[in-house]
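Reading the structure
These are the residues of each chain, in order.
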Amino acid sequence: MNSLAEQIIVDILAQEMGLSPQNVWVRDQNLKIPNTKDLFAVVGMVDSKVIAVNKQEVPITTPKDTLLEKMMVVTKDNIQIDIFSYTTEAITRRWEVLAALASTYSVQKQEECDFKIFRIPANFVNSSAAEGGSNLNRFSLTIACHVWYRKEKALSRNKIFDKFDGRVDDEQTIGTADP
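A few points on the structure. A quick note: this is a predicted structure, and the numbers were derived from the prediction, not measured. (Residues numbered from 1 in each chain as written. Predicted model: local features only at pLDDT ≥ 70, side-chain atom pairs only at ≥ 80, totals over all residues. Heavy atoms only, no water.)

Looking now at the overall build of the chain. Per the secondary structure count, the chain includes four helices and six strands. Moving toward the C terminus, one meets the helices and strands of the chain in the order α-β-β-β-α-α-α-β-β-β. Looking at the 179 residues of the chain, the share that counts as buried comes to 35%. Counting contacts in the chain only where the partners sit at least 6 residues apart, residues at least 24 apart contribute 67% of the total. Surface exposure of the chain reaches about 11500 Å², of which carbon and sulfur atoms provide 52%. (Helix = DSSP H or I, 4+ residues; strand = E, 2+ residues; numbered from the N terminus. Buried < 20%, exposed > 50% of the residue type's maximum accessible area, 1.4 Å probe, protein only. Contact = heavy atoms within 4.5 Å. Areas by Shrake-Rupley, 256 points an atom, 1.4 Å probe, with all protein chains shown as cover.)

Moving on to the packing of helix α1 (residues 5-17) against helix α4 (residues 104-112). Contact pair α1 / α4: the axes reach a minimum separation of 10 Å and the direction vectors enclose 155°. As the angle between them shows, α1 and α4 are arranged roughly antiparallel. Viewed along their axes, α1 and α4 form a crossing whose handedness is right-handed. In contact with Ile8, Asp11, Ile12, Gln15 and Glu16 of α1, α4 contributes Tyr105, Ser106 and Lys109. Of the residues that constitute the contact of α1 with α4, the class distribution is three nonpolar, two polar and three charged. (Axes fitted to C-alpha atoms, helices over the stretch in contact; angles between N-to-C directions. Parallel < 35°, antiparallel > 145°, perpendicular 65-115°, else oblique. Left-handed = near helix turned anticlockwise from the far one by under 90°. Nonpolar A, V, L, I, M, F, W, Y, C, P; charged D, E, K, R; others polar.)

With that settled, the discussion passes to the packing of aromatic side chains. Under the definition given, this model contains three aromatic pairs. Aromatic pair Phe40 and Phe84: ring centres 6.0 Å apart, planes at 20°, arrangement stacked. With a gap of 44 residues between them, Phe40 in strand β2 (residues 40-60) and Phe84 in strand β3 (residues 66-85) connect regions that are remote in the sequence. Through successive ring pairs, a cluster of aromatic residues spans Trp25, Phe40 and Phe84. One cation-aromatic arrangement involves Arg94 over Phe139; the distance from NZ or CZ to the ring centre is 4.9 Å. (Phe/Tyr/Trp six-rings, centres within 6.5 Å; stacked < 30°, edge-to-face > 60°. Lys NZ or Arg CZ within 6 Å of the ring centre and 35° of its normal.)

Attention now moves to α1. The terminal C-alpha atoms of α1 lie 18 Å apart, and with 13 residues this matches the ideal 18 Å at 1.5 Å per residue to within 8%. Within α1, the full set of buried residues consists of Ala5, Glu6, Ile8, Ile9, Val10, Ile12, Leu13, Ala14 and Met17. With its phi angle positive at about 65°, Gly18 sits one or two positions after the end of α1. (Expected span 1.5 Å × (residues − 1).)

For the rest of this paragraph, the subject is the pairing of β2. As judged from the three bridges shared by strand β1 (residues 24-26) and β2, these two strands associate in the parallel manner. Following the sheet pairing, Trp25 is matched in β2 by Val42. Examined bridge by bridge, β2 and β3 share 19 bridges and lie antiparallel to one another. Within β3, the position partnered with Gly44 by the bridge is Gln80. (Pairing = 2+ DSSP bridges.)

One can find Asp47 in strand β2. As a C-alpha pair, Asp47 and Asn78 span 31 residues in sequence and 5.4 Å in three-dimensional space. Not counting residues up to four positions away in its chain, the partners in contact with Asp47 are Lys76, Asp77 and Asn78. Reaching out from Asp47, the side chain makes a polar contact with the side chain of Asn78 at a distance of 2.7 Å. (Polar contact = N/O pair within 3.5 Å; in protein donor to acceptor, adjacent residues only side chain to side chain.)

Another aspect to go through is the pairing of strand β6 (residues 137-156). Summarising the sheet, β3 and β6 pair through 20 bridges and their orientation is antiparallel. Paired with Phe84 across the two strands is Arg138, which belongs to β6. Sheet topology places strand β4 (residues 115-117) next to β6; three bridges connect them, and they run antiparallel. Bridge pairing in β6 links Lys116 to His146. Pairing analysis gives two bridges linking strand β5 (residues 125-126) to β6, with the strands arranged antiparallel. In the strand pairing of β6, Asn126 is matched with Phe139.

Quick look at the structure:
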């Protein structure tokens, strides 16, 4: 997976809830909420627990003397989804977030992008008070995702330390021609 879980969830929400790409985004981009009657959604990572970090080198035949380095990182990311509106639309449509995450499109995106949304939580948090007296209706939901990131790159064998100029001996080879 080369996309962040947040980016994939943004895509799922836009597709399944019919939100304009300008109305759903990844958090922490210094965007201001327009004072319109539209519904908005913001998706961001709360925290991430590393499950595994792996690396392996695999010889490949073309080009000659090359290794393929495969790096993999598996994490459990807690993703927060906030929906908000100046109208009652956030109140009346909050259930659609759960429906979008459980949709066929969502399942297909999870399979395509090598990640899994864990069991959907049982409740939303009414976080409207965080906005002060702005009359913004806001609801927050945190979901856990199992995410697998991977990267592959070719390594030239002449840049890999697999030949050494020094000699290593044990008790049987000390004093012999071969280490």
